[in-house]
Amino acid sequence: MSIPVRLRGFRPSWLSPKVLRTEVLAGLVVSLALIPEAISFSIIAGVDPAIGLFASFTMAVTIAVVGGRPAMISAATGAVALVIAPLNRQHGFGYLVAAVILAGVFQIVLGALGVGRLMRFIPRSVMVGFVNSLAILVFMAQVPELRNVPWAVYPLLAAGLALLVLFPRITRSVPAPLVSIAILTVITVAAGIAVPTVGDKGALPSALPVPGLPDVPFTLATLTTVAPYAFAMALVGLMESLMTAKLVDEITDTASSKTRESIGQGVANIVTGFFGGMGGCAMIGQTMINVKVSGARTRLSTFLAGVFLMVLCIVFGPVVSEIPMAALVAVMIMVCFATFDWHSVAPKTLRRMPAGEITVMVVTVACVVATHNLAVGVVAGSVTAMVIFARRVARLADVTAVTDPDGSQVVYAVSGQLFFASSNEIVGRFDYAGDPDKVVIDLSAAHVWDASSVAALDAIEHRYAQRGKTVEITGLNGPSARLHRTLSGELATAD
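Here is what the cut-offs are and how they apply
Residues numbered from 1 in each chain as written. Predicted model: local features only at pLDDT ≥ 70, side-chain atom pairs only at ≥ 80, totals over all residues. Heavy atoms only, no water. Pairing = 2+ DSSP bridges. Helix = DSSP H or I, 4+ residues; strand = E, 2+ residues; numbered from the N terminus. Buried < 20%, exposed > 50% of the residue type's maximum accessible area, 1.4 Å probe, protein only. Salt bridge = Lys/Arg side-chain N within 4 Å of Asp/Glu carboxyl O.

## Observations concerning the pairing of strand β3 (residues 398–403)
Moving residue by residue along a regular strand, the side chains alternate between the two faces of the sheet.
Okay, so step 1: The pairing of β3 with strand β4 (residues 409–418) spans 6 bridges and is antiparallel. The residue bridging Thr 403 from the neighbouring strand is Val 410, located in β4.
Okay, so step 2: The loop that links β3 with its antiparallel partner β4 comprises 5 residues; one of these, Gly 407, has a positive phi angle of about 75°.

See below:
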C-alpha cells in the first residue's frame, strides 16, 4: 500500500536506511563509551556503579523525547557528581536522590523563565575557551588510565589511535570507534593479554532500575538541607547542557530550542531521581562522539545510546566487561583532538586577535581546568569579557569645547556612550572656574544609558551652579531624554 502524498512529509528522517544505520551505530558507540564514564562518575559521587549507569540510561532515553537539541547526549556527568558528592557523604543516598528530583524541578522553573535566552550574552571567546577547556578536561580524565598499567596498554592504545585515523579513509559506513573497540577486544581476549578492562571499573547491573520515592523524611528540614545542593546542580547542569547545545548547533548548522532543552533536562533529572539515579546533564565527550565522529543528527541515536547501555550491561555484561580500557581511552583522545579548536591557538590567529579576546579565552580555560567546574569558567570568562568591553566602550566617550568669539558662552560637545564606566570620567573634563556664565552641553552624538550618567550630568550642573553659572543640556535623543527627565534631580549630587 502506498503512502498518500500529503502524509509523506511526516516520515521521520531516521527512517531512511542510510540515516537509520548511522543513528544505530552511533548509539552503540556512545553506549560503549558511556559505561566506564558512568562508573567513574559514580565513584566520584560515592555511590554504587549501577547508580551512575541507571542515571545514564534514564537521562539519555528521557532527553531523547523531551529535549530541545537532537543528537545531544545527556547522562551522568562529573560536574554533577562533584556537586552532590558532599551531600551523599554527609546525609546519605536518599538525600542525594531527593536533590536530583528537586534539581529537576528547579531546571523546569528556570527553563520556563527563559534562562536559555541568556546564552546570547555568552561571547564567542568564552565559547571557544569552553570548548578548549572541555577537550583538556576530557584528555586529563584519560591520563589516570595510562599510569601504572601493564606495558601492553601502550601498543594497544597506539593501535586504537591508528585504527581511528586510518579506518575512515577506507570506509565511513561503520564508525571507526566501533571497529577499533571490537578489534582490540578480540585481540586482548584471543591472546590472553592482561590489561585493565571495563569490568575492572566495577560490577555492571543485572536488572533494570525500578521507580520509587527517595528514602528521606518529607519535612522542611530535609528541604532546607537538600535545596542548596539541588540549586547548584540545576545551574551547573543547565550551563553545561546549554553550552553543549550551542556547540552542536554550530557543528550541525541547525538551531535548537534552548527553552525546551532546559525544561527537558529538568524532566530527565526528575525521572532519573525517581528511578534512583544520580542525575546528570549533557556530556560533551559523548556528544562529540555521536555528532562529530559518528555523524548522528537525530534523537534516535540519543535514545538508542541509553537503550543499548542497559542491553550491554544486562544481556552482554560479561562481553562488555572484557573491553580493554585502552580502546576507550583511544576513542576519547581522538574526541579531545577533534573537539579542541586548534585554529584559536594558531600563531596566525593569535597575532590578529585583539588582546582582550585572547585574555577572555585564557581566563575561561584556566578557571575550568583549575576548578574542574565548567560553570566557574564560563562565569569568569563572561565577567572578564564584560569588563573588557565596558573599558573599551568607555574610552570612546569624549568631550570637546568651543567658546563663542564674543566669550558669552561655551558649547561642550559630548560624544560616545555614557554609562557607569564612562560618565564619571567626563565630569572632570569641564573648566568650571574658567568658563563663561552660560554653558551648553550638546549630547547630540551621545547616548545616556543609566542612572550613573544622569547623576554625572547633575553633578556638572551643580558645580556650575555653585559658581553662579547656568547650564543648558541639548541634543538628547528620545530614550536619553526620558531617562534624564525621570531621574534628574532625584539622585544625590556629588561634589
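After that view, the rundown keeps rolling.
## Section: unusual backbone geometry
The phi torsion of most residues other than glycine is negative, and most of the peptide bonds are trans.
Okay, so step 1: Positioned with a positive phi, Ala 71 is a non-glycine residue whose angle comes to about 75°.
Okay, so step 2: In this structure, Ala 71 sits in the loop between α3 (49–66) and β1 (74–75).
Okay, so step 3: On the accessibility criterion, Ala 71 (1% relative accessible area) is buried.

## A look at the pattern of salt bridges
Okay, so step 1: Applying the stated criterion across every chain, the model contains 5 salt bridges.
Okay, so step 2: We note a salt bridge from Asp 398 to Arg 429, for which the minimum N-O separation is 2.9 Å. Note that Asp 398 is positioned in strand β3 and Arg 429 in the loop between α18 (420–426) and β5 (438–448), a separation of 31 residues in sequence.
Okay, so step 3: You can call Arg 429 partly exposed: its relative accessible area is 41%.
Okay, so step 4: Residue Lys 438 is joined to Glu 472 by a salt bridge in which the shortest nitrogen-to-oxygen separation is 4.0 Å. You can see Lys 438 sitting in strand β5 and its partner Glu 472 sitting in strand β6 (residues 470–474), a full 34 residues away along the chain.
Okay, so step 5: Its relative accessible area of 37% is what places Lys 438 among the partly exposed residues.
Okay, so step 6: Here the residues in one salt-bridge network are Arg 69, Asp 249 and Lys 258, joined through shared partners.

## Quick word on the environment of Val 165
Okay, so step 1: Looking at the element boundaries, Val 165 is found in helix α7 (residues 153–170).
Okay, so step 2: Residue class for Val 165 comes out partly exposed when judged on its relative accessible area of 39%.
Okay, so step 3: The spacing of Val 165 and Gly 475 is 310 residues in sequence and 64 Å in space, taken between C-alpha atoms.

Any functional reading would require information that these geometric values do not contain.
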